[in-house]
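Spelled out from the first residue to the last, the chains are:
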Amino acid sequence: AGVSRRVQLDAEGSFQCSVTGLIFEVAGPARVTYSLLSWSKYAPLVQKPWVVGGPLFDVRCSAPAALLCIHFPHCLCLGGAGAGVTFKVLHIKGGSAALEPSAEFSASHIKWVVSSLSPVGPLIHSHEPLRYHGAVILYKAVDEHPSLSFWVYLATNNDSFIKDISKTVKHSKTKFVQIEKPPVCQKLLQEGKKYRLICEPEAEITPEEIEFVDGSLLKLKSYFEVYLEKPDDFTLSLGTGSIMTRTRTSRRGAQALLDRSWREMAIECLQIEMKDIDDIRAMEEDVTMQKLLVLRKWREREQGHGTAEALQRSLGEKATYEILQALQGFLAQS
């Protein structure tokens, strides 16, 4: 079952684990023990049209009657407050499973009223294609060759999925080291949509594209293999050019990427003048700050209408998680 976490809750109330995102509601003192599980082990129990909605946990409690509710983190972007999306909780008991209703859901969690304790995790059913908060996991091969070789995984931001990936890589014949980077992908990943990995300068990338599905139930997860014969500064980006991750990237490389995607988006969707963007770039070197200053310019022009929701409408499908977070942070500061 992997690493267990144990927490002593001393009184009635609601408590959140900062590592897993789980929230426990208790009626009194209790000691809760919980561990992250792999969905792939239980794949036969998840029947269509239901799909995985977040991590799977085994939860135990020293005083079961005291544990009233568990809120499970989910990895969906619920545009339009989740219209058309149904949530249930898969409750695994021995070799069988029950689908139990969720009490309610929010932008980040699915609430379940505890019936008994054993492995539990959220499932979803939607009539529309789902959009997920993603995670990009990057591994570099460790060998004597001067060339560089990477495995790049595209996952839902779901700890069970990410744990499976690290287990696969650990058991691979090639030795890999994980490249530390912010794991949350800046794109919303859409179910069934095809994504390409783009490298500047050009690299050998196999396969050319991957159709994104939540691979939690699959034993083998899809990944891109990236091979660079002559290691140099380079930039990896995903799909439509939104920056995914940078490894040993020069400022010049990042700037080129900004020229191609960020400026196009600001001009096309937000009607920002090219001259304004050039002025911002001349004044500020940091790419993140450039983006923030463009948002500020847009917000000043929109006056009272410059909300995160208005921005999402303006950007349409191009609205990345990172941009919306940046704007919300900016609004909170002002």
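For every chain, the first residue of the written sequence is number 1, and numbering continues from 1 along that sequence. The predicted origin of the model limits local features to residues at a pLDDT of at least 70 and limits the giving and counting of side-chain atom pairs to 80 or more, whereas totals for whole chains, interfaces and linings rest on all residues. For the side-chain quantities, the full set of heavy atoms in the structure was used; hydrogens and water were omitted.

As recorded in an unreviewed UniProt entry, the chain goes by FIIND domain-containing protein and comes from Chloebia gouldiae.

Caption draft 1: Region of the structure containing helix H4 (residues 287–302). Secondary structure elements follow DSSP: runs of H or I of four or more residues count as helices, runs of E of two or more count as strands, with numbering from the N terminus. A helix is expected to span 1.5 Å multiplied by its residue count minus one. For H4, built from 16 residues, the straight-helix expectation of 22 Å at 1.5 Å per residue is met to within 8% by its first-to-last C-alpha distance of 23 Å. Within the sequence span of H4, burial applies to Val287, Gln290, Lys291, Leu293, Val294, Leu295 and Trp298. Only protein chains enter the area calculation, which uses a 1.4 Å probe; residues under 20% of their type maximum are buried, those over 50% are exposed, and those in between are partly exposed.

Caption draft 2: Local environment of the packing of aromatic side chains. Pairing of aromatic rings covers Phe, Tyr and the six-membered ring of Trp, with a centre-to-centre limit of 6.5 Å; geometry is then stacked below 30 degrees between planes, edge-to-face above 60, and tilted otherwise. Tallied over the entire structure, the rule returns 9 aromatic pairs. Where Tyr132 meets Phe212, the ring centres are 5.7 Å apart and the plane angle is 70°; that geometry is what we call edge-to-face. In this pair, Tyr132 is assigned in strand E13 (residues 131–141) and Phe212 in the loop between strand E19 (209–211) and strand E20 (223–228), connecting sequence segments 80 residues apart. This pair shows no difference in class: Tyr132 is buried, exactly as Phe212 is.

Caption draft 3: The packing of helix H3 (residues 274–283) against H4, seen in detail. To define axes, lines are fitted to C-alpha atoms, for helices over the stretch in contact only, and angles between the resulting N-to-C directions are given on a 0 to 180 degree scale. Look at H3 against H4: their axes get within 10 Å of each other, and the N-to-C directions meet at 140°. Comparing their axes, H4 and H3 come out oblique. Handedness of the H3/H4 crossing: right-handed. Residues Asp276, Ile277, Ile280, Arg281 and Met283 of H3 lie in contact with H4, whose contacting residues are Gln290, Leu293, Val294 and Lys297. Put simply, Ala, Val, Leu, Ile, Met, Phe, Trp, Tyr, Cys and Pro go in the nonpolar bin, Asp, Glu, Lys and Arg in the charged bin, and everything else, Gly too, in the polar bin. Here the contact of H3 with H4 is composed, by residue class, of 5 nonpolar, 1 polar and 3 charged. Our angle categories are set so that under 35 degrees counts as roughly parallel, over 145 as roughly antiparallel, 65 to 115 as roughly perpendicular, and the remainder as oblique. Left-handed describes a crossing in which the near helix is turned anticlockwise from the far one by less than a right angle; the clockwise case is right-handed. Whether two residues are in contact is decided by their heavy atoms, any of which lying within 4.5 Å being enough.

Caption draft 4: Layout of the environment of Ser115. By the secondary structure assignment, Ser115 is in the loop between strand E11 (109–113) and strand E12 (120–126). Once the C-alpha coordinates of Ser115 and His91 are considered, the two residues, 24 residues apart in sequence, prove to be 9.1 Å apart. Beyond its immediate chain neighbours, meaning those up to four positions away, Ser115 contacts His91 and Glu100. Here His91 takes part through its side chain, which lies 3.3 Å from a polar atom of the side chain of Ser115. Under the rule applied, a polar contact is a pair of N or O atoms within 3.5 Å (in protein, one hydrogen donor and one hydrogen acceptor; residues adjacent in sequence only if both atoms are side-chain atoms). Separated by 2.9 Å, the side chains of Ser115 and Glu100 make a polar contact.

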